[in-house]
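Descriptive analysis of the structure
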Amino acid sequence: MYKIGIVNATKNSMEPINDVLETKESLVTAQHFSDFELLSDIREAGGVKKPFIRRVIRLLEEAESQQVDGVALSCSSFTPYVDLLRSLFDFPIVSVDYDMLEKSVEVGTKIGVISTLPTAGKTTKSIIESIATKQNKNVEIYSEIVDQAGKAILNGQEEEHNRLIIETIIELSAKCDVIVLAQLSMCRVLRQKVELQNDIPILTSADFCISSLINTLGRKEEGLGCSILSV
């Protein structure tokens, strides 16, 4: 049995991760380590600052004290800092979105990126460009930052958040062959049926993230359960 930690920067990331954990066919226990003010502080500061990285390190230290086997970072704003964080700890650390973004480059050439936080949108676009370069593939990236949706979800206005994201999905679907929802909190919109003219994939990060961590830990067994704890 593997014990994994989930580091959260907002409450809104926990539900999508828990949904995946409850259906994963692997025997893992998942413990949450959270700083629920972190994402709003990043938004207010206009990006990730050194004090925010130190706050993530403190959460990772909590996870270490609980003897986790590995950690998934559920906030895409910290993806550029994963290598730094890995150098400080002896357990695997995976970003929420890297495997998803690799998949977007694999399946598409015109990639739509939707985010609700400017930092996440900029980071996601940069990572996709880097992946495409490594794969020697030309891609066009259409990035949309739906700032009002981000403010809506932080204020508990889920319906308004979903409406704005769905409108953007429909708009991008006319010119893209794959769409990426850059933040974990956006997964909730796909609980609703989104009517698109083109049957294109819409990628979200929760499943990719947990699968990546399990694969990193070398665990691919089927038919197993999952239990979830919070701190």
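As the structure is a computational prediction, the values presented were derived from the model and not from experiment.

Parameters and conventions
- Residues numbered from 1 in each chain as written.
- Predicted model: local features only at pLDDT ≥ 70, side-chain atom pairs only at ≥ 80, totals over all residues.
- Heavy atoms only, no water.
- Salt bridge = Lys/Arg side-chain N within 4 Å of Asp/Glu carboxyl O.
- Helix = DSSP H or I, 4+ residues; strand = E, 2+ residues; numbered from the N terminus.
- Phe/Tyr/Trp six-rings, centres within 6.5 Å; stacked < 30°, edge-to-face > 60°.
- Buried < 20%, exposed > 50% of the residue type's maximum accessible area, 1.4 Å probe, protein only.
- Contact = heavy atoms within 4.5 Å.
- Pairing = 2+ DSSP bridges.
- pLDDT = per-residue confidence, 0-100.
- Core = buried A, V, L, I, M, F, W, Y, C linked by side-chain atoms within 4.5 Å.
- Axes fitted to C-alpha atoms, helices over the stretch in contact; angles between N-to-C directions.
- Arc of directions from axis to C-beta.

1. Thoughts on the pattern of salt bridges
Under the defined criterion, the tally for this structure stands at 12 salt bridges. Its salt-bridge partner being arginine 163, residue glutamate 160 comes within 2.8 Å of it at the nearest N-O pair. Within this pair, glutamate 160 and its partner arginine 163 are both found in helix H8 (residues 158-173), separated by 3 residues, close to a single helical turn. Here the residues in one salt-bridge network are Glu15, Asp19 and Arg191, joined through shared partners.

2. As for the packing of aromatic side chains
Two aromatic rings are characterised by how far apart their centres lie and by the angle between their planes. Inspection of every chain in the model, using the stated rule, returns 2 aromatic pairs. Look at phenylalanine 89 and phenylalanine 91: their rings are 5.3 Å apart centre to centre, the planes differ by 25°, and that puts the pair in the stacked class. In terms of burial, phenylalanine 89 and phenylalanine 91 fall into one category: buried.

3. Description of the environment of phenylalanine 89
You can see phenylalanine 89 is positioned in the loop between helix H4 (82-86) and strand E4 (93-94). Counting along the chain gives 65 residues from phenylalanine 89 to lysine 24, while the straight-line C-alpha distance between them is 26 Å. In contact with phenylalanine 89, other than residues within four places in its own chain, are Ile57, Leu60, Glu61 and Glu64.

4. A closer look at the pairing of strand E7 (residues 178-181)
Side chains Val178 and Val180 of E7 all project onto a buried face; the interleaved residues Ile179 and Leu181 project onto the opposite face, where all are buried too. Two elements, strand E5 (residues 110-115) and E7, share 4 bridges in a ladder whose sense is parallel. Bridging across to E7, valine 113 finds its partner in valine 180. Pairing geometry for E7 and strand E8 (residues 202-203), over 2 bridges, is parallel. Paired with valine 180 across the bridge in E8 is leucine 203.

5. Let's talk about the confidence of the model for the protein chain
With 93% of its residues at a pLDDT of at least 70, the protein chain reaches an overall mean of 89. No element of the protein chain has a lower mean pLDDT than strand E9 (residues 226-230), at 54, and none a higher one than helix H3 (residues 50-65), at 98. Between residues 219-226, whose pLDDT stays under 50, and residues either more than four places distant or in other chains, the model counts 21 contacts.

6. Some points on the nonpolar core
Generally speaking, soluble globular proteins have nonpolar side chains that are buried together. Leu60, Val71, Leu73, Phe78, Leu85 and Ile93 are the most contacted members of the largest nonpolar core, which totals 26 residues. At the level of secondary structure, the elements contributing two or more residues to this core comprise helix H2 (38-45), H3, strand E3 (70-73) and H4. Here this core takes 7 residues from H3, the largest share from any one element. Setting aside residues up to four positions removed in sequence, isoleucine 93 forms contacts with Leu60, Val71, Leu73, Val82, Leu85 and Arg86. Among the nonpolar cores identified, the runner-up in size contains 18 residues, and Val20, Ala30, Ala72 and Leu217 belong to it.

7. Considering the sheet that holds E5
Paired through their backbone hydrogen bonds, the strands of a sheet run either parallel or antiparallel. Reading across the sheet, the 4 strands line up as E6-E5-E7-E8 and stay open at both edges, with parallel pairing between neighbours. Edge positions in the sheet fall to strand E6 (140-145) and E8, since each has one partner strand and no second. Bridge analysis of E5 against E6 gives 6 bridges, and the strand direction is parallel. Directly across from glycine 112, in E6, lies its bridge partner tyrosine 142. Against the sheet, H8 engages E5, E6, E7 and E8, with an angle of about 165° to E5.

8. What to know about helix H5 (residues 98-107)
Working note: α-helix, 3.6 residues per turn, so residues spaced by three or four point in the same direction. The complete set of buried residues in H5 reads Met100, Leu101, Ser104 and Val105. End-on, the buried residues of H5 take up no more than an arc of 140°, which puts them together on one face.

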